[in-house]
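The primary structure of each chain is shown beneath.
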Amino acid sequence: MDRFATRTAVYIILKKDDKFLMFRRKNTGWYDGFYNLPCGHIDGRETLIEAAIRETKEEVGVDIKEKNLQFVHLVHRRSDGNDGYFEYTEAYFAVDKWSGKPQITEVEHGEALEWFDINELPKNTLPYTREALINIKNKSLYSQAGWKKNFKISLIAAIGKNRELGKNNQLLWNLPEDLKHFKEKTLGQSCIMGQRTFDSIGKPLPGRLNVVLSQDPKFKPKGVVVCNSIEQALARASNYCDEVFIIGGASIYAQFIDRADKLYLTLVDSDFDADVYFPEYNKFKMIKDGKQQISNELKFKFTEWERKK
Ligand SMILES: NC(=O)c1ccc[n+]([C@@H]2O[C@H](COP(=O)([O-])OP(=O)(O)OC[C@H]3O[C@@H](n4cnc5c(N)ncnc54)[C@H](OP(=O)(O)O)[C@@H]3O)[C@@H](O)[C@H]2O)c1
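Let me begin by describing the structure that accompanies this report. (Residues numbered from 1 in each chain as written. Predicted model: local features only at pLDDT ≥ 70, side-chain atom pairs only at ≥ 80, totals over all residues.)

### Examining the pairing of strand E11 (residues 190–194)
- Counted residue by residue, E11 has five buried out of five residues, so it is predominantly covered.
- Here E11 shows no split at all, with Ser190, Ile192 and Gly194 on one side and Cys191 and Met193 on the other all buried.
- A crossover connection joins E11 to the parallel strand E12 (residues 209–213) through helix H4 (residues 195–201); in handedness this β-α-β unit is right-handed.
- Note: E11 against strand E14 (residues 243–246), three bridges, orientation parallel. In the strand pairing of E14, Ser190 is matched with Val244. (Buried ≥ 20, exposed ≤ 12 C-beta atoms within 10 Å, placed from the backbone. Helix = DSSP H or I, 4+ residues; strand = E, 2+ residues; numbered from the N terminus. Right-handed = clockwise from strand over helix to strand, strands pointing away. Pairing = 2+ DSSP bridges.)

### What to know about unusual backbone geometry
- The amide bond that connects Gly248 to the next residue, Gly249, takes the cis arrangement and shows omega of 0 degrees.
- With respect to the helices and strands, the residue Gly249 is situated in the loop between E14 and helix H6 (250–256).
- Notably, Asn27 is not glycine yet its phi reads approximately 55 degrees, a positive angle.
- Position of Asn27 among the secondary structure elements: in the loop between strand E2 (19–25) and strand E3 (35–36).
- Given 12 C-beta atoms within a 10 Å radius, Asn27 is considered exposed.
- Of note in the backbone geometry, Arg45 takes a positive phi value of approximately 65 degrees without being a glycine.

This is the structure in structure tokens:
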């Protein structure tokens, strides 16, 4: 068996009272819109301690001393990204003394610096950082991320009375409540979509891993994972999350419906002129029937369905 070179990174838990510091990633092309700790790769010939001190200064502008750094956790992580397959060893250090006022120094790549309680982590915390933080709370020294295989496949869609989905690569209605519901369900998880749906949204959905299916080798937008088969898309999407959301469009729902565990369907109570439709879903039974609502003169309700046994 060949020896395998892993990448090494450090994560820094800056602690104040019972809280610690995280900020939201932006414009990095990897998990943008997710909260994470100050962190970074070690540079050549640098020790973990040196990297932790340097990264803390570079990312949040504060000075820490070696004697105040305490090693608290190690993560072994798989990463099957656009740039290939890698494994990481990630050392977590806690520190409760520093000088200077924390601030985001790389403003083009970070925003919303905040102190968080471990019991109130935002949904869009980077999944493997969340797992490590919870394990640290439970006094465990080690986590592994990206190796597990159990996850649920859920389709989420809004459909008309005849399962209408869209026309001319657009939605058929304007329902802000449905967009809010979609965000609440999918935030912090992975979303798989077709190239046309990605095109109609126009940008990656923040706070979610965006996996886009396309056969086009020239299709390489920033901030998304591009896959050319549903197997590859599922492997990539499920890497760190428990629930993979299939968010359309019609061709993608049709390919995933036989593998879905759950459906989140917003039922819009009207007929529409459409050119794409949601597949038949008579193998599912309704488990949640939300109350009827009205918006923009349209009646709709949120429902949830599970595969019949
Ligand atoms: N109502 C809702 O909840 C909802 C949700 C989402 C979308 N929509 C609507 O659905 C419509 C879009 O649906 P659509 O069926 O036309 O397009 P789509 O499913 O979003 O995208 C189709 C494209 O995905 C790629 N693709 C599909 N299967 C693939 C596979 N197995 N491997 C690799 N690539 C694959 C291909 O891209 P390449 O051509 O690049 O190879 C294909 O052209 C729009 O009207 C949209 O508004 C509605």
